[in-house]
Amino acid sequence: MENIFEDIVYLKGDRSFGDSRSIIGGIGSFEDIPITFIGIEKGNGVEDGVKRNFGMPLPEGYRKSMRLMRQAEKFRRPIITFVDTPGAYPGIDAEERGQFEAIASSLKLMASLTVPVITFVIGEGGSGGALALSVANKIYMFENAIYSILSPEGFATILWKNAALADKASEIMKITSKDLYEFGIVDEIVRERNNMPDYMQIKKLISEELSRTNFMTAENLQRERYEKFRMIGR
């Protein structure tokens, strides 16, 4: 985020329960255009990873992101999200605070937004926990990222009762950027070299998309998002 945007101000809290360290977001500018950004943070190292729940958001994380989305819509700011999660946190405390309601509400809200939404899948994009931040007009995916209905380990456990067969599951699931680009699920692949993305390409993609959607009506933005997801699987 800090390599792409300027004038960054981080915002915290869901105004209901608390703040989420798994999801970070706020406002900034891109080529002098005010934007709202939201991203999932896994953390660096074990200690930071524990603080950020290894990128598995709890309900307050999704409610925080929804607060930022509603604010973006109020002030007509495009929304740019960055997804990197094995999935939403499945623990008891998450269930007690309404994990599935929060995810469902995020899906509903994103589908109805009247501002442009751009998503980058930057690492893992697992299950509804990822989809809750990626109902977008355009989905871009890092070259070495994955995007799937659940983790390969989970798939292998369900299908063969053996998580060690994750590699076999990965081949069947078609979760790579190349596979998903060919299926039309992602719109562009972001090049990576030495574990770093091509920031010039990212900026170019954002710039082109903001120019494309600049004069689109709210109805057209919503319809485009709807039709994009209705086509998946055909």
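Note that the coordinates shown come from a computational prediction; the quantities given were computed from them, not determined experimentally.

UniProt's entry tags residues 1-212 with the feature "domain: CoA carboxyltransferase C-terminal" (unreviewed entry), counted in the numbering of this structure. This span, residues 1-212, is 40% helix and 25% strand, and a straight line between its end C-alpha atoms measures 22 Å.

With that settled, consider a nonpolar patch on the surface. Judged by side-chain polarity, Val-46, Val-50 and Phe-54 come together as a nonpolar surface patch covering roughly 300 Å² of accessible area. With respect to the helices and strands, Phe-54 occurs in the loop between helix 1 (45-51) and helix 2 (59-74).

Next up on the list: helix 10 (residues 218-230). With 13 residues, helix 10 extends 18 Å from end C-alpha to end C-alpha; this agrees with the ideal 18 Å at 1.5 Å per step. Taken as a whole, helix 10 has its buried residues at Leu-221, Arg-225 and Lys-228. Each buried residue of helix 10 lies within a common arc of 65° when the element is viewed along its axis, so the set occupies one face. Exposed positions of helix 10 whose direction lies more than 90 degrees from the buried face are Glu-219 and Tyr-226. The inward-facing, buried residues of helix 10 contact helix 4 (99-112), strand 5 (117-126), strand 6 (138-142) and helix 9 (199-213).

With that settled, consider the pattern of salt bridges. The full count for this structure, using the stated rule, is 14 salt bridges. Lys-42 serves as the salt-bridge partner of Glu-124, at 2.6 Å between the closest nitrogen and oxygen. Of this pair, Glu-124 sits in strand 5 while Lys-42 sits in the loop between strand 3 (33-40) and helix 1, and the two are 82 residues apart along the sequence. With its nearest N and O atoms 3.4 Å apart, the salt bridge here joins Glu-219 to Arg-223. Of this pair, Glu-219 and Arg-223 both sit in helix 10, 4 residues apart, roughly one helical turn.

Thresholds applied
- Per chain, residues are indexed from 1 in the order of the written sequence.
- In keeping with the model being predicted, local features are shown solely for residues with a pLDDT of at least 70 and side-chain atom pairs are shown and tallied solely at 80 or more, while totals for entire chains, interfaces and linings include all residues.
- To obtain the side-chain values, all non-hydrogen atoms of the structure were used and water was disregarded.
- UniProt positions are given in the numbering used here, feature names are shortened, and annotations may be inferred rather than shown by experiment.
- Counting from the N terminus, the helices are DSSP H or I runs at least four residues long and the strands are E runs at least two residues long.
- Only residues above 30% relative accessible area that lack a salt bridge enter a patch, with like-charged residues linked at up to 9 Å and the nonpolar side chains Val, Leu, Ile, Met, Phe, Trp and Tyr linked at up to 5 Å.
- All accessible areas in this document rest on Shrake-Rupley with a 1.4 Å probe, and a residue is counted as covered only by the protein chains that are shown.
- In what follows, salt bridge is the name for a side-chain nitrogen of Lys or Arg lying within 4 Å of a carboxyl oxygen of Asp or Glu.
- Given a helix with a known number of residues, its expected span is that number minus one, times 1.5 Å.
- Burial status follows relative accessibility: with a 1.4 Å probe on protein chains alone, a residue under 20% of its type maximum counts as buried, one over 50% as exposed, and anything between as partly exposed.
- This arc is taken over the directions from the axis of the helix to the C-beta atoms.
- Here, two residues are considered to be in contact whenever any of their heavy atoms come within 4.5 Å of each other.

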